[in-house]
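Coordinates in review
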Amino acid sequence: MTNRIKQRLKEGKAVVNGWLAIPSGFSAEVMAQSGWDSVTVDMQHGVQDYLSMVACFHGMGAQPVTPLVRVPWNEPGIIGKALDGGAWGVICPMVNNKDEAKRLADACLYPPAGKRSNGPIRAGVYGVSTSYQKIANDEVLVIPMIETQEAIDNIDAILDVPGISGIYIGPSDLGFSLGMEPKLDREEPKILGIYEMLLAATKKRGLFAGLHNGSAGYAARMIKMGFRFVTVANDSGLMAQAARAAVNEVRKGAGAVAQ
Ligand code: 3PY
Ligand code: MG
């Protein structure tokens, strides 16, 4: 088995990524049928634990989406377990310097490239059981999140760590770190300037840049700007949005009796 989004990125195509906060294999199944290229289980801020991550991977298994995880922190124990459980890429929060990027790459990659421990309990049965360890280092995506001033200051050293596949920007934490409001879909010239700098720094090394977005329109704009991995909101946000719109439409359409 190969990592389909890795192929897409190689071809210069954009990856449209779904995001799972809801700890349910069924909602993962529904999301996976919606046309995303990859779907990420969010163990940092989503209401997800290890077993719900595995349930979400089961739910998306029948669809041609690449299963990814955002781990809660840069900690080799959970990173190894997430990969063993079937993630084909790790998005890791708050990677701020070269040592932290190296720690992430070491946790994601088998020796000699890294220090990942052998035992792909579920990943190994993805139809290629005996050769998973041979292909894992080539297929697994190692994606540090860039979301602080410190990470911006150290970006060259972070990107030069062997094994890093690309970056994922967290706009709300980045805003916080710069003394601004924590939010997505930002328009501040300073932040857009940072995005341009990160796009140039990744492109020159053949790496991709990803971004978390709140809306489809902003995500499309960011692809045009150069991002090659965009997330749109998350399952719970999309459900709330659609539910609110349906309720409003009924009340508006039916008139006073439904107010
Ligand atoms: C952020 O905006 O800080 C994020 O981590 C998005 O997921
Ligand atoms: Mg963040």
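Structure: see above.
So, here is what we can say about the structure in this document. Model, not experiment: these values are computed from the prediction.

Looking at the coordination of the magnesium ion (ligand 2)
Only Glu-147 (OE) and Asp-173 (OD) from the protein coordinate the magnesium ion (ligand 2), and they sit 2.1 to 2.2 Å from it. Highlighted residues: Glu-147 in the loop between β5 (141-146) and α7 (149-153) and Asp-173 in helix α9 (residues 171-177), separated in sequence by 26 residues. Owing to a relative accessible area of 1%, Glu-147 belongs among the buried residues under this scheme.

Focus: the nonpolar core
Among the nonpolar cores identified, the biggest contains 67 residues, and Met-53, Met-60, Cys-108, Tyr-195 and Phe-227 are the most heavily contacted of them. Excluding residues within four positions of it along the chain, Met-60 makes contact with Leu-20, Ala-28, Ala-32, Val-39, Val-41, Val-65 and Pro-67. Grouped together as the second largest cluster of nonpolar side chains are twelve residues, Val-15, Ile-91, Tyr-168 and Phe-229 included.

Digging into the pattern of salt bridges
Counting across every chain of the model gives ten salt bridges. The salt bridge partner of Arg-205 is Asp-156, with a shortest N-O separation of 3.0 Å. Pair noted here: Arg-205 is in the loop between α10 (189-203) and β7 (208-213) and Asp-156 is in helix α8 (residues 155-159), with a separation of 49 residues, a long-range link. Given a relative accessible area of 24%, Arg-205 falls into the partly exposed group.

Some remarks on the pairing of strand β4 (residues 89-92)
Within a regular strand, side chains alternate between the sheet's two faces. The alternating pattern of β4 places Gly-89 and Ile-91 on one face and Val-90 and Cys-92 on the opposite face, and all of these are buried. For strand β3 (residues 66-70) and β4, the ladder comprises two bridges, and the chain directions are parallel. Directly across from Arg-70, in β4, lies its bridge partner Ile-91. Between the parallel elements β3 and β4, the chain passes through helix α4 (residues 76-84) in a crossover that is right-handed. Bridge analysis of β4 against β5 gives four bridges, and the strand direction is parallel. Bridge assignment links Ile-91 to a residue of β5, and that residue is Ile-143.

What counts, and at which threshold
Residues numbered from 1 in each chain as written. Chains lettered and ligands numbered in written order. Predicted model: local features only at pLDDT ≥ 70, side-chain atom pairs only at ≥ 80, totals over all residues. Heavy atoms only, no water. Donors = N, O, S within 2.8 Å, 3.2 Å for Na, K, Ca; no water. Helix = DSSP H or I, 4+ residues; strand = E, 2+ residues; numbered from the N terminus. Buried < 20%, exposed > 50% of the residue type's maximum accessible area, 1.4 Å probe, protein only. Core = buried A, V, L, I, M, F, W, Y, C linked by side-chain atoms within 4.5 Å. Contact = heavy atoms within 4.5 Å. Salt bridge = Lys/Arg side-chain N within 4 Å of Asp/Glu carboxyl O. Pairing = 2+ DSSP bridges. Right-handed = clockwise from strand over helix to strand, strands pointing away.

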